[in-house]
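Descriptive structure summary
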Amino acid sequence: MKFIIRNSILIFLVAVLNSCLEPYEPEILDGSNNFLVVDGVITNKPGPYTIKVTKSYSVNGVESDAIKVTGLTLTIEEENGPIETLVETEDGIYQTNMLQGKTGASYRIVFEYEGNQYQSSWEKINSSSPIDSVYYNVETKQTINIGTDITGVQFYIDSKGSLQDAIHYRYEWEETWEIGVFYPSFFDYVGNGQLMPTTDPRHTCWRYQSQSVINIATTESLSENVVSGHSLAFITGEEERFIRKHSLLIKQYALNEEEYAFWKALQESNEQLGSLYDKQPANIKGNIFNLSSPSELVLGYFSASGVQEKRMFINDLQDLSRKKWCSIPLDTLFQQDFGATFETVLFGRLRGGYFLYDILAGPGSTTPEGAILSASLCSDCTKKGGDLNKPIYWDD
Amino acid sequence: MKRTLLFLVVFCFSFTQVMSQKGQLYSGNYKQTLFIDLVTDLENSYHIKFYFNPELDSTKIDIVFDKVDLNSLLKKLSEKTNTIFFVKNDNTIIGTGEFVIIPQLDEGLFGRPQIVKPSSSDERRSILENIREKAIIDKEVYLENRVIEIGEASKRFNGETAIISGFVKEAKTGEPLVGATVFKKNPLVGIATDQFGYYSFLLPKGKFEIEVNSVGMKSTKRQVILYSDGELNFELRDGIVSLKEVVVTAERNNVDNLQTGFASLNMKNIKQIPSAMGEADIMKIALTLPGVQTVGEGATGFNVRGGGADQNLVLLNDVPVYNTNHLFGFISVFNPDVIAGADLYKSGIGAQYGGRISSVFDVALRDGNKKKFGFKGAISPITAKLMVEGPIKKDTSSYILGVRSTYSDWVFSILEDPALRNSSASFFDVVGKVNHSINDKNELIFSAYYAQDKFKLNTDSLYEYASGNAALQWRHIFSNRLNATSSISYANYNYKLSTSEKSLEAFELDYNINHYAVKSEFNYLTKNNTSIKFGASSILYQLQPGEKRPVGSTSLVTPVSLLNEKGIESAIFVGSEYDINTRLSIYGGFRLSMFNSLGSSQSFAYETDRPKEERFITDTIQYSNNELIKTYVGPELRLSARYKLRDDISVKLSYDRMNQYIHMLSNTAAFSPTDTWRLSGIDIKPQIGNQYSLGFYKTFFGTSIELSVEGYYKTLNNVLEYKDGAELLLNEALETDVINARGKTYGVEFLLKKNSGKLTGWLSYTYARSLIQANGVYPTEQINNGEYYPSNFDKPHTVVLLSNYKFNRRVNLSTTFNYSTGRPATYPISRYGLKNQSILLYTNRNQYRIPDYIRVDLALNIEGNHKVHKKIHGSWSLSVYNLLGRSNAYSVIFRNEGGQINGYKLTVFKSAIPTITYHFKLQ
């Protein structure tokens, strides 16, 4: 409700009063940037479950600046149940082995760090109501700057649960989309004008992107536990999305009231719209405490949630795609320019990162008259951030 | 006294006669002839020339005269036109309307009436105006020099002192002049008129001079011989009419009066000052005074000496206004055409005021013109307004009514963007007042206002809010020692939000507050000339803090209705101003306020030794209807003292204690439209303010320049602060989200003010701090580790320069310059990753400041030409808000964009905003 008003006022101001946001970089004192951060979740889906322990870092820094807290003995306890000690699989990343979260059971984490005892409050896994459907509309949205509307795909979710299910929700999503290259290379040159299907195809990749906004919902004010038309991701055709198939995996986490309040407060502080009536940013406390020194600020949250998932595919939105033309032209090697050294030069180029786009040969001839080469940026999808491994859920 | 006045009138008329031209005889026969044609004919036929009020032009006349002298002709014409004609130089005839010209009889004393030689017939009107002014001046000079006897001579030896009382009014409209000073010099004894223009004070018997001053009015004086108690009424004229003659003497200036932290804003003087929407706005002018600040452009309300916006008692005709804003705070609800002015008390607050802890902003409505009908209006690109006024019965009762509306709907409709074309935002307000004098001793006043705002966006959410009040006041003069004003009043504020964007979640949400009050206030003048003000008041609050309902058959919204709140705020008060000697005066006031929180209601009991959090609720306590839930009693002492070091230098001290039982809840930097007023109760304690103030005042060049330096220190108890992430709307257990915090504010205010001359205005500098401490027992009740931190409106340095330059009587140019330190803000200090997202960590509140604020405005006012417009006068005002086009930051926000944290400043006005307004009036 606040949101509606805020949004309305924003639009009003944009329209009538010509208000706007201008970049402004205030000087921020880098103070004590070493708060302990615990990020973990246990669900009713099979594990392993992961707990990340890091330190907070400078506002002006990058994610890799975060110090990883290693060497902890970290356990997850089930209330009136087993205790499992997690294994540090990477620096600062701890994973369970056997533990299976159960709906209705409560869990907490316990660890010791620098002589202080830390633990989370007990968190119960609530069941998450089933997802009815995930659907989308192609929509054009106004941005904060007049005249720069953007078109994209707006995803929505409907879910319907009983009042026994949790009534607060947090949504996570992950995009997967297939990308190609401008000059695909299907063959390897084996010499003497012979082509073989390539052993290392680089023409089809998959890209992944997880969300960057907090997305929560509640049915607290409704008489039924019904989420209807709740907005999820808004995805534009950038980064070659929608040229080929696109997939979105939606995860619906059931939250208890405290965790919902935590995320809501984070959202208000972190995703301010820039309106006249923004709430003051606040210091949001999670559910992990230093028992030895209770005043210490521990960041993060250990959450226990029932999860529902739904994956959907989009195949037919090529209109939205923003295809990037490859700016590097094809290069052609002619046999007559090199004579006997042609193949040597050609192999050299191929080893040097060029891809074979095509071989020029006369009819019936086994001697190539030339080779068309493409730069790797135009033929290797991994150069565009793609992953060559086809996801298991991907069918052609 | 009455006999004296009557005598005066007769006396004046007896001088009225017509001088005739010798020899010439006149003949004529006119039927249903326009006066202008008749005159033209006469001018063509005889060697005479007429000058008269153009209003006469279209008067139709039947007249027959045959060989009569000029004297007889003019007598006849006088009868037909109700105009007195005056002959100058045998052939120049001047119609003076109802104005009397005193001829040469007392030449030595008054001087000859001067007549300006006409250069062309177009200048008839301006010549006439000069004559009129001269006539007025002469009449005034006459009145000022004549000795008036007050009381009965036979009682002259009964005691040594007597009371003079009476009304001070505006001569043209009969409107009472509020705050006019009536005084006698050597030794100085003076008093200010009350809100009815009434004054009453004790003076030694004998012969002396009484003077009257009022801002913007020409001052006058009377020679009196005081025999016994009696009346003396004054009519003052607009000081602007006769520019050259007038030396504007300020009202009882800062050196003389007793209050610290007081400012009086007279609507007459501030209309020329520029504003964002081309609308003179008394609240925006108040913001240029030292010690008065705002959170930012478009922010609702104002902050006085570091207090919250809900801590100001804003009164319209003595009834509180719960929401003073139109259009998100860009315009106030006070229609400038209908209000007379406003008094702002930052300290030195009289005992008759109470209920808010920071200031009193007392806005007075004008009285309607008791003599004749008039209207006034204006059109600007955003608003249109009209005011009408006039007598219901001449000299006895009058009305005034003003309406205003916006047509920004229209602005939306011409926008190209299809989404915005379907949006709308609008407001209107109506305000009016009726005065009726039953007799000399009794007057009834009814006033009311209603203001409404609405906006609807392309989305289907509609937002409406409305505020209104009405009051019936009865003014009774028991004797010239005792008078009383009693009133019953009602005030309301409500808002409604509805949205139907998603049919399953469609809802309406209402908020409503009702305020019913009775009040009686008495003024008593003791035998030793001490005036005592005492009285009592009681307010019944009934408020519905929030009700949410589903809309439509498909909506699944659960209805939520918070329990109504009810409370009674009562007070008795007494205050007296006492002159110990000519140098030292003191004011002492005492107010005993009481608040009763009443059922039906419920409250929650919490585990002892636990913070008030929902999980620690142990029990719900029910209260039946009108059951007493909680009582708070607050004694409030108000003290002021002024010591005059010299006639032009004084030092003042004051102490104020105030209690506040109704609070605005808001955890946004500026008030948002969904913020609500809530009453004190078991857990929400009354806010208490204590203020100590010390001031130094000096005037220069008479009183034309005033300098004041005021310092203050204020403590605020039980101010409401909010826990991190507090939810204030539809919150049943509000005490779980609020903290009873404490505040301290202090500062020094410098003000240099020029009151007269072509250039007027003021320059002020304020150093002010406003700090808050939330230091509860439990960590969740502590903010910034329980240490003092700057409040949202802590702006240490403020400079305002406001100037108004009058080029001539038709053109003036005013400019304002504003500088203030940026307000405090909370910036992130660190980041961390959580669930694949980068989260910003904000810890200590308000440790940073947004960039400083600088704004320059300009307004040019051009009065229409009186020669061209006859009855309806037009004028133009052209204003440019934010002339420099500076992008002042309203707030600074941070966004995570692709892992990179970017800072932005939100700017409300990015460029200069020009507005042109056309004003018209009939007068």
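About the criteria used
Residues numbered from 1 in each chain as written. Chains lettered and ligands numbered in written order. Predicted model: local features only at pLDDT ≥ 70, side-chain atom pairs only at ≥ 80, totals over all residues. Helix = DSSP H or I, 4+ residues; strand = E, 2+ residues; numbered from the N terminus. Buried ≥ 20, exposed ≤ 12 C-beta atoms within 10 Å, placed from the backbone. Contact = placed C-beta atoms within 7 Å. Pairing = 2+ DSSP bridges. Arc of directions from axis to C-beta. Domains from an automatic or database assignment. pLDDT = per-residue confidence, 0-100. Core = buried A, V, L, I, M, F, W, Y, C linked by C-beta atoms within 7 Å. Axes fitted to C-alpha atoms, helices over the stretch in contact; angles between N-to-C directions.

Thoughts on the overall build of chain A
Scanning chain A from N- to C-terminus turns up five helices and 25 strands. Relative to its 396 residues, chain A shows a buried fraction of 35%. Of the contacts formed within chain A by residues at least 6 apart in sequence, a portion of 69% connects residues at least 24 apart.

Brief notes about the overall build of chain B
Counting its regular elements, chain B contains nine helices and 57 strands. A burial count over chain B gives 46% of its 923 residues as buried. Taking as baseline every contact in chain B between residues at least 6 positions apart, the subset at least 24 positions apart corresponds to 65%.

Focus: the sheet that holds strand E18 (residues 312–316) of chain B
Residue and element names in this part refer to chain B. The five strands lie next to each other as E15-E22-E23-E18-E19, forming an open sheet whose pairing is mixed. Two strands bound the open sheet, and with one partner strand each, they are strand E15 (262–266) and strand E19 (319–320). Sheet analysis places strand E22 (residues 339–345) next to strand E23 (residues 359–365), joined by six bridges and oriented antiparallel. Directly across from Leu 344, in E23, lies its bridge partner Phe 361.

Things to note about helix H2 (residues 35–45) of chain B
Residues and elements named next belong to chain B. For H2, the set of buried residues is Phe 35, Leu 38 and Val 39. Seen end-on, H2 carries its buried residues on one side only, within an arc spanning 95°. What points out from H2, more than 90 degrees from its buried face, is the exposed set Asn 44 and Ser 45.

Notes on the domain arrangement of chain A
When cut into domains, chain A gives domain 1 (31–125) and domain 2 (331–384). Computed over C-alpha atoms, the centres of domain 1 of chain A and domain 2 of chain A are 53 Å apart.

Topic: the environment of Glu 174 of chain A
Residue and element names in this part refer to chain A. Of note, Glu 174 is situated in strand E13 (residues 168–179). For the pair Glu 174 and Lys 160, spaced 14 residues apart in sequence, the C-alpha to C-alpha distance is 22 Å. With sequence-adjacent residues up to four places away left out, Glu 174 is seen in contact with Tyr 208, Ser 210 and Leu 249.

Here we look at the confidence of the model for chain A
In the predicted model, chain A carries a mean pLDDT of 84, and 89% of its residues have values of at least 70. Low pLDDT, under 50, characterises residues 1–19 of chain A; the stretch is placed with 43 contacts to residues that sit more than four places away or in other chains.

Focus on the confidence of the model for chain B
Residues and elements named next belong to chain B. When the pLDDT values of chain B are averaged, the result is 81; 86% of them are 70 or greater. Mean pLDDT per element in chain B: helix H1 (residues 2–14) is the minimum at 32, and strand E39 (residues 649–660) is the maximum at 95. Within the model, the stretch residues 100–126 combines pLDDT values under 50 with 41 contacts to residues more than four positions away or in other chains. When the criterion is pLDDT under 50, residues 240–251 qualifies, and its contacts beyond four places in sequence or with other chains add up to 24 contacts.

Focus: the environment of Val 190 of chain A
With respect to the helices, strands and loops of the structure, Val 190 of chain A is situated in strand E14 (residues 187–191). Residues Val 190 of chain A and Lys 68 of chain A, spaced 122 residues apart in sequence, show a C-alpha to C-alpha distance of 48 Å.

Section: unusual backbone geometry
That bond from Gly 47 of chain A to Pro 48 of chain A is cis: its omega, 0°, falls within 30 degrees of zero. In this structure, Pro 48 of chain A sits in the loop between strand E2 (36–43) and strand E3 (50–55). Here the amide bond leading from Gly 599 of chain B into Ser 600 of chain B is cis, since omega sits at 10°, within 30 degrees of zero. The residue Asn 846 of chain B is not glycine, and still its phi comes out positive at about 55°. Positionally, Asn 846 of chain B belongs in the loop between strand E51 (837–842) and strand E52 (848–849). Its 21 C-beta neighbours within 10 Å are what place Asn 846 of chain B among the buried residues.

Here we look at the nonpolar core
Residue and element names in this part refer to chain B. Counting 94 residues, the largest nonpolar core has Ile 282, Ala 286, Ile 339 and Val 363 as the members making the most contacts within it. With six residues, the top contributor of residues to this core is strand E31 (residues 507–525). Structurally, this core is a two-domain feature, drawing no fewer than three residues from each of domain 2 (147–236) and domain 3 (263–922). Apart from the residues within four sequence positions on either side, Ile 339 is in contact with Met 267, Ile 282, Phe 334, Val 363, Ala 364, Leu 365 and Arg 366.

With respect to the sheet that holds strand E18 (residues 226–235) of chain A
Residues and elements named next belong to chain A. With antiparallel pairing, three strands are arranged side by side in an open sheet as E11-E12-E18. Here the strands that pair on one side only, and so sit at the sheet edges, are strand E11 (131–141) and E18. Across the sheet, the axes of successive neighbouring strands diverge by a mean angle of 25°, strand direction being ignored. Note: E11 against strand E12 (residues 150–160), 10 bridges, orientation antiparallel. Across the sheet, the residue bridging to Tyr 135 is Tyr 156, located in E12.

Section: the pairing of E14 of chain A
Residues and elements named next belong to chain A. Looking at chain direction, E14 and strand E15 (residues 194–197) are connected through four bridges and run antiparallel. The residue of E15 that forms the bridge with Tyr 189 is Leu 195. Once E14 ends, the chain turns through two residues before running back antiparallel as E15, passing Asn 192 with a positive phi of about 55°.

So, the environment of Tyr 463 of chain B
Relative to the helices and strands, Tyr 463 of chain B is located in strand E29 (residues 462–479). A C-alpha to C-alpha distance of 4.6 Å links Tyr 463 of chain B and Leu 497 of chain B, two positions 34 residues apart in sequence.

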